[in-house]
Amino acid sequence: MNSSGGSCSSLMDVVTYDPHHHGHDEELHVLAVDDNLIDRKLVERLLKISSCKVTTAENAIRALEYLGLGDQNQHIDALTCNVMKVNLIITDYCMPGMTGFELLKKVKESSNLKGVPVVIMSSENIPTRINKCLASGAQMFMQKPLKLADVEKLKCHLMNCRS
């Protein structure tokens, strides 16, 4: 509907993994995970500027709970309610308790979530870490701090744009 270049709306049908999704949501829904409040707010702001709906989590454990993968005793309702609406997960690599890499592995092991693109962010540019994440199913590895151009590049990458 919205054909402006800065909108995530046109991305909905491209990155969604839910075969029952019929395009009722107007925006791309991104789960942003970072233990650093400033970084989390920055990512949230950049995504919102790009017309994305954003849910934030301060650590990987909270993200898993939101996605319905936390406590094994949780009802399947949480899974249906939240997971079907998340189209992209963007997470910091280095977090206390559980790293972004471990979150990536949990998401890719889940039959319900394995189709959701996961983007890893890090302030450290370590090639072995980047390769490990990409080999384990990360869609992209991005250097922090994120800029608006990075978010646009990410959207373009998800739509398989050609330079």
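Please read these numbers as outputs of a predicted model, since none were measured by experiment. (Residues numbered from 1 in each chain as written. Predicted model: local features only at pLDDT ≥ 70, side-chain atom pairs only at ≥ 80, totals over all residues. Heavy atoms only, no water.)

Caption draft 1: Representation of the nonpolar core within the structure. In terms of nonpolar packing, the biggest core is built from 24 residues, with Leu31, Val33, Ile89, Leu103, Ile120 and Cys133 touching the most fellow members. Of all the secondary structure elements, the ones that give two or more residues to this core are β1 (29–33), α3 (60–66), α5 (100–109), β4 (118–122) and α6 (127–135). By residue number, the principal contributor to this core is α5, which donates four residues. The next biggest cluster of nonpolar side chains, apart from the first, holds 18 residues, and it includes Ala32, Cys52, Ile90 and Leu154. (Core = buried A, V, L, I, M, F, W, Y, C linked by side-chain atoms within 4.5 Å. Buried < 20%, exposed > 50% of the residue type's maximum accessible area, 1.4 Å probe, protein only. Helix = DSSP H or I, 4+ residues; strand = E, 2+ residues; numbered from the N terminus.)

Caption draft 2: Just the environment of Cys133, in detail. Here Cys133 lies in helix α6. Its relative accessible area of 0% is what places Cys133 among the buried residues. When the C-alpha atoms of Cys133 and Tyr93 are compared, they prove to be 9.2 Å apart, with 40 residues separating the residues in sequence.

Caption draft 3: Quick look at helix α2 (residues 37–49). The end-to-end C-alpha separation of α2 is 18 Å, in line with the 18 Å expected for 13 residues at 1.5 Å each. The complete set of buried residues in α2 reads Arg40, Val43, Glu44, Leu46 and Leu47. Projected onto a plane normal to the axis of α2, the buried residues spread over an arc of 165 degrees and lie on a single side. Exposed residues on α2 whose side chains face more than 90 degrees from its buried face are Ile38 and Arg45. Considering only its buried residues, α2 is in contact with β1, β2 (53–57), β3 (88–92), β4 and α7 (148–158). Following α2 by one or two positions, Ser51 adopts a phi angle in the positive range, close to 65 degrees. (Expected span 1.5 Å × (residues − 1). Arc of directions from axis to C-beta. Contact = heavy atoms within 4.5 Å.)

Caption draft 4: Looking closely at the sheet that holds β2. If you trace the five strands from one edge of the open sheet to the other, you get β2-β1-β3-β4-β5, paired in parallel fashion. Of all strands in the sheet, those with a lone pairing partner are β2 and β5 (140–143), marking the two edges. Strand-to-strand twist of the sheet, defined as the mean angle between neighbouring strand axes without regard to direction, takes the value 20 degrees. Strands in contact with α2 are β1, β2, β3 and β4; relative to β2, the strand with the most contacts, it is inclined by about 170 degrees. (Pairing = 2+ DSSP bridges. Axes fitted to C-alpha atoms, helices over the stretch in contact; angles between N-to-C directions.)

Caption draft 5: View of the pattern of salt bridges. Scanning the entire structure with this criterion turns up eight salt bridges. A salt bridge links Arg129 to Glu124, with the nearest nitrogen and oxygen atoms 2.8 Å apart. Given the relative accessible area of 14%, Arg129 is considered buried. One continuous salt-bridge network, built from bridges that share partners, spans Asp34, Asp39, Asp92 and Lys144. (Salt bridge = Lys/Arg side-chain N within 4 Å of Asp/Glu carboxyl O.)

Caption draft 6: Just the side chain of Ser122, in detail. Assignment of secondary structure puts Ser122 in strand β4. Each residue touching Ser122, except ones within four places of it in the same chain, is listed here: Asp92, Tyr93, Arg129, Phe141, Met142, Gln143 and Lys144.

Caption draft 7: Representation of the side chain of Glu44. Mapped onto the elements, Glu44 comes out in helix α2. Ignoring sequence-local partners within four residues, the contact set of Glu44 consists of Val54 and Thr56.

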